[in-house]
Amino acid sequence: KKMPEGKQSSVREINLPVPEQKTFDGTSFPLILSPNHGVEEIQPTFNSTLAVVEWIQSEKSNIENQLLKHGAILFRDFPVNCPLDFDNFVKAFGYEPLPYVGGAAPRTLVVGNVFTSNEAPPDTLIPFHHEMAQVPNYPSVLFFYCDNAPKEGGQTPLVLSNLVYQKMLELNSGFVNTLKEKGVKYTRVLPNGDDPTSPIGRGWQSTYGTPDKDEAEKKALELVESIEWLEDGCLKTVTRVLPAIREDPRTGKEMWFNSVIAVYRGWKDSRNSPETSITFGDGSPMDPKVMDVLENVLNELAVDFIWKKGDVVMVDNRQALHGRRSFVPPRRILASLCK
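Computed from a predicted structure; not experimentally measured.

Parameters at a glance
- Residues numbered from 1 in each chain as written.
- Predicted model: local features only at pLDDT ≥ 70, side-chain atom pairs only at ≥ 80, totals over all residues.
- Heavy atoms only, no water.
- Helix = DSSP H or I, 4+ residues; strand = E, 2+ residues; numbered from the N terminus.
- Rg over C-alpha atoms; globule rule 2.2 N^0.38 Å.
- Buried < 20%, exposed > 50% of the residue type's maximum accessible area, 1.4 Å probe, protein only.
- Contact = heavy atoms within 4.5 Å.
- Areas by Shrake-Rupley, 256 points an atom, 1.4 Å probe, with all protein chains shown as cover.
- Lys, Arg positive; Asp, Glu negative; His and termini not counted.
- Charge placed at Lys NZ, Arg CZ, Asp CG, Glu CD.
- Arc of directions from axis to C-beta.
- Salt bridge = Lys/Arg side-chain N within 4 Å of Asp/Glu carboxyl O.
- Pairing = 2+ DSSP bridges.
- Axes fitted to C-alpha atoms, helices over the stretch in contact; angles between N-to-C directions.
- pLDDT = per-residue confidence, 0-100.
- Disulfide = S-S within 2.5 Å.

Draft legend 1. Expanded view of the overall build of the chain. When you go through the chain residue by residue, the secondary structure sums to nine helices and 21 strands. Compactness check: the chain gives a C-alpha radius of gyration of 20 Å against a globular reference of 20 Å for 339 residues, within 12% of the reference. With 339 residues in all, the chain has 56% of them scored as buried. Of the contacts made within the chain by residues no fewer than 6 positions apart, 77% connect residues no fewer than 24 positions apart. Just so you have it, the chain exposes about 14,200 Å², and 50% of that area is on carbon and sulfur atoms. Taken as two groups, the 37 positive and 44 negative side-chain charges of the chain have centres that lie 2 Å from each other.

Written out as structure tokens, the structure reads:
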């Protein structure tokens, strides 16, 4: 079960009690790795971020194999002490960063390719979603870093997408088959300028990286099917019909790859209402009772590890959904998205 070959003695797998970690089909979720400090005489311990970077570079394919197997990896007690360390940790993998174009969350660039995670108010729960499932170019891998652990709450719960699909198929095959057949459409009204009071308050200027309406329109139409400028300067966007269930070509497993519950529960502000924000591809609405069932399934299957300062979580965005629990501040979780 350990990291095979190479410097396997420099890290060890650790286990946490449910609900911080769970086992499905004999595989732990997430995999939790920690420096193996008991073997200094065999392996020098990780005494700097540089040592971690070198370890990642030499073990990259092993780590990627473990990510594919487990769906997410929590790196705990590695010397990652600040946003710059985190940026170097992520860059050690050599992935191309994914610009956050078309995403709904208010975010701020911190350093390098590191952003704040969703800056929605602390009492707001951010429901489960695959990152940017509502746009054509979504990230393959996400990294989250705990810069300041919350006093209470604030977990980033994770769920394996294929398990959600299997459970929903068992509980409501009609709904799942309709999703497969019709797909889904997302409709969102973007504010004129950022609105920090909303979990989807990213203004069209930030979303498309320009204050120019014509330029924003051009960028928007690369991502969505139609747009409409409203009288108050807000921008309404409607996506093309997108698949809600996708097969992961690497594993052949069906994934619940959508933002249905995130939109239904979370796209709620003075401009947007859940009933119209997410529909089947033909425009017909989601059944509220089915949304309750789906939410329960996600919460039952979720893991909720407690953040510790310096934690880094690597998430396979094609295999796992994530969310955010409400919290008592301060809390600072940073993110980096990779193609």
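There's more to say after this.
Draft legend 2. Geometry of helix α4 (residues 173-182). Residues F175, V176 and L179 constitute the buried set of α4. All buried residues of α4 fall inside an arc of 100° around its axis, so they share one side. Those residues of α4 that are buried are in contact with α3 (161-171), β12 (184-190), β17 (278-280) and α9 (288-301). Once α4 ends, the next one or two residues include G183, with phi positive near 70°.

Draft legend 3. Inspection of the pattern of salt bridges at higher detail. For the coordinates displayed, the defined rule picks out 18 salt bridges. The salt bridge involving E64 is made with K60; its shortest N-O contact spans 3.9 Å. Linking E64 with K60, this pair stays in helix α1 (residues 49-70), spanning four residues, or about one helical turn. A relative accessible area of 26% means that K60 is categorised as partly exposed. Across the salt bridge formed by K167 and E170, the nearest N and O atoms sit 3.3 Å from each other. In this pair, K167 and E170 both sit in helix α3, three residues apart, roughly one turn of the helix. With relative accessibility at 27%, the residue K167 sits in the partly exposed group.

Draft legend 4. Highlighting unusual backbone geometry. In this model, V18 is joined to P19 through a cis peptide bond whose omega is 5°. By the secondary structure assignment, P19 is in the loop between β1 (11-13) and β2 (22-24). Here the residue pair F29 and P30 is connected by a cis peptide bond, since its omega of -10° sits within 30 degrees of zero. Within the chain, D25 stands out as a residue other than glycine whose phi angle is a positive 50°.

Draft legend 5. Inspection of the sheet that holds strand β8 (residues 126-129) at higher detail. The sheet built from three strands is open, its strands ordered β8-β19-β11 with antiparallel pairing. Of all the strands in the sheet, just β8 and β11 (158-160) have a single pairing partner and so form its edges. Adjacent strand axes in the sheet meet at a mean angle of 15° when their direction is disregarded. Of the strand pairs in this sheet, β8 and strand β19 (residues 320-324) are connected by two bridges, and their pairing is antiparallel. By the bridge assignment for β19, I126 is matched with R324. Packing of α9 onto the sheet brings it into contact with β8, β11 and β19, and relative to β11 it is tilted by some 100°.

Draft legend 6. Geometry of the confidence of the model for the chain. Looking at the chain as a whole, the pLDDT averages 93, with 95% of positions reaching at least 70. Contacts for the low-pLDDT stretch residues 4-8, under 50 throughout, to residues beyond four places or in other chains number 10 contacts.

Draft legend 7. How the structure looks around the state of the cysteines. Inspection of the entire model under this criterion finds zero disulfides. Unpaired in terms of disulfides, C82 finds its nearest cysteine sulfur in C146, a separation of 13 Å. We note that C338 lacks a disulfide partner, and the nearest cysteine sulfur, in C82, lies 18 Å from it. By relative accessible area, which is 3% here, C338 ends up buried.

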